[in-house]
Amino acid sequence: MDGELTCLAECGRPVGVVRVRGVLSPVTAPALRSAVHECLVDQPNAVVVDLSATRTDLDAALGLLSTLAQAAVASAGSSLVLCAPSPLLGDRLGETATTRHLSVHTNLSDALDHAHRTAPVRRLRRRLAAGPAASDAARELVCRACLQWGMLDIVDRACAIVTELVANAVLHASTDLVLSVTDLRQYLHIAVQDGSPTPPRLGGGSSPDGPGGSGLLVVDALAAGWGFVPGHGGKTVWATVRTSV
């Protein structure tokens, strides 16, 4: 299936919208992936993907959109809401919508209404200046979240992870940071947004003996999963900690 795809990302909270026009195929799929990831940087409650002006390769659409729904909840604790007027695509996508994080609607009005009615996740945010005090402030926010949400059994692990995420961002990005801590029921989700587009890498610290010296090796060892989402000229590095729930 030949053609081009344009994706307009209208980012923000509580709902981001990606308006898609053209042909969605294996060749054009990266454009949609990038637009959704751009919205996920803001960690909205939901991202609406409007496919009403799109022709699709059915197999490519099914695989991509299912993967994006999984990435949305893993990287930002967000739901993916689809406007898919095509009965065939809608039915096939509906078969995969087995969790609360993926829903399919036949018109944009219903999709937007569902997205705005999506129950907001429990989330705490704090802006941090890149400096020596950032890690202490980050640990304080994580401790407060664990106390409020009854997750005291994972507080040490979560604090170790956020210390490394923040120290790594201060060391390599040197920009203001935004820390988000989210309750995903079975997981505590920790995300640090910075202003550097450079991807994170394991072993990126400058000295094993200093703060952040182990880079992301500690995160890799302690977290249930971790990754990053590019966007807004920077990136968000996230990690999850499994809870006992």
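Residues numbered from 1 in each chain as written. Predicted model: local features only at pLDDT ≥ 70, side-chain atom pairs only at ≥ 80, totals over all residues. Heavy atoms only, no water.

Regarding the packing of helix α1 (residues 29-40) against helix α2 (residues 58-76)
In the contact formed by α1 and α2, the axes pass within 11 Å of each other and the chain directions differ by 20 degrees. Viewed along their axes, α1 and α2 adopt a mutual orientation that is roughly parallel. Both α1 and α2 take part in a crossing whose hand is right-handed. Across from A29, L32, R33, V36, H37 and L40 in α1, the residues of α2 making contact are L64, L65, L68, A71, A72, S75 and A76. Along the lines of polarity and charge, the residues of the contact of α1 with α2 split into 10 nonpolar, 2 polar and 1 charged. (Axes fitted to C-alpha atoms, helices over the stretch in contact; angles between N-to-C directions. Helix = DSSP H or I, 4+ residues; strand = E, 2+ residues; numbered from the N terminus. Parallel < 35°, antiparallel > 145°, perpendicular 65-115°, else oblique. Left-handed = near helix turned anticlockwise from the far one by under 90°. Contact = heavy atoms within 4.5 Å. Nonpolar A, V, L, I, M, F, W, Y, C, P; charged D, E, K, R; others polar.)

Some thoughts on the sheet that holds strand β7 (residues 177-183)
Pairing is antiparallel in the open sheet, where 5 strands are placed in the order β6-β7-β8-β10-β9. Whereas interior strands pair on both sides, the edge strands pair on one side only; in this sheet they are β6 (122-128) and β9 (225-231). Between one strand axis and the next, the sheet turns by 15 degrees as a mean value, whatever way the strands run. Those strands touched by helix α5 (residues 134-148) are β6, β7 and β8 (187-194), and its axis lies near 165 degrees from that of β6. (Pairing = 2+ DSSP bridges.)

Overview of the nonpolar core
Counting 32 residues, the largest nonpolar core has L165, L179, L188 and I190 as its most contacted members. If you list the elements that add at least two residues to this core, you get β6, α5, α6 (155-172), β7, β8 and β10 (234-242). No other element matches the 8 residues that α6 contributes to this core. Sequence-distant contacts of L165, that is, excluding residues within four places in its chain, are made with I190, V192, L216, V219, V237 and A239. Within the second largest apolar cluster, 28 residues are counted, among which are V41, L51, A69 and W238. (Core = buried A, V, L, I, M, F, W, Y, C linked by side-chain atoms within 4.5 Å. Buried < 20%, exposed > 50% of the residue type's maximum accessible area, 1.4 Å probe, protein only.)

A short note on the confidence of the model for the protein chain
For any part of a model where pLDDT is low, the fine detail of the predicted coordinates should not be relied upon. Chain-level pLDDT for the protein chain is 85 on average; 87% of the residues reach the 70-or-more range. Predicted confidence in the protein chain is weakest over helix α3 (residues 87-96), with a mean pLDDT of 66, and strongest over α5, with 96. Confidence drops under a pLDDT of 50 for residues 205-213, and excluding neighbours within four residues, the segment shows 13 contacts in the predicted structure. (pLDDT = per-residue confidence, 0-100.)

Comments concerning the packing of α5 against α6
Packed helices, taken two at a time, are described by the angle their axes make and the gap between the axes. Here α5 crosses α6 at 150 degrees, and the two axes come no closer than 9 Å. Between α5 and α6, the angle is such that the two are roughly antiparallel. When you trace α5 past α6, the crossing you get is right-handed. Along its contact with α5, which presents A134, S135, A138, R139, V142, C143 and C146, the element α6 presents V155, A158, C159, V162, T163, V166, A167 and V170. Split by residue class, the contact of α5 with α6 holds 12 nonpolar, 2 polar and 1 charged.

Quick look at the pattern of salt bridges
For the structure on display, the rule yields 7 salt bridges. Put simply, D183 and R122 hold a salt bridge, and the shortest N to O gap is 2.5 Å. In this pair, D183 sits in strand β7 while R122 sits in strand β6, placing the two residues 61 residues apart along the sequence. Classification of D183 by relative accessible area gives buried; the value is 9%. Through salt bridges with shared partners, a single ionic network connects R126, E140 and R144. (Salt bridge = Lys/Arg side-chain N within 4 Å of Asp/Glu carboxyl O.)

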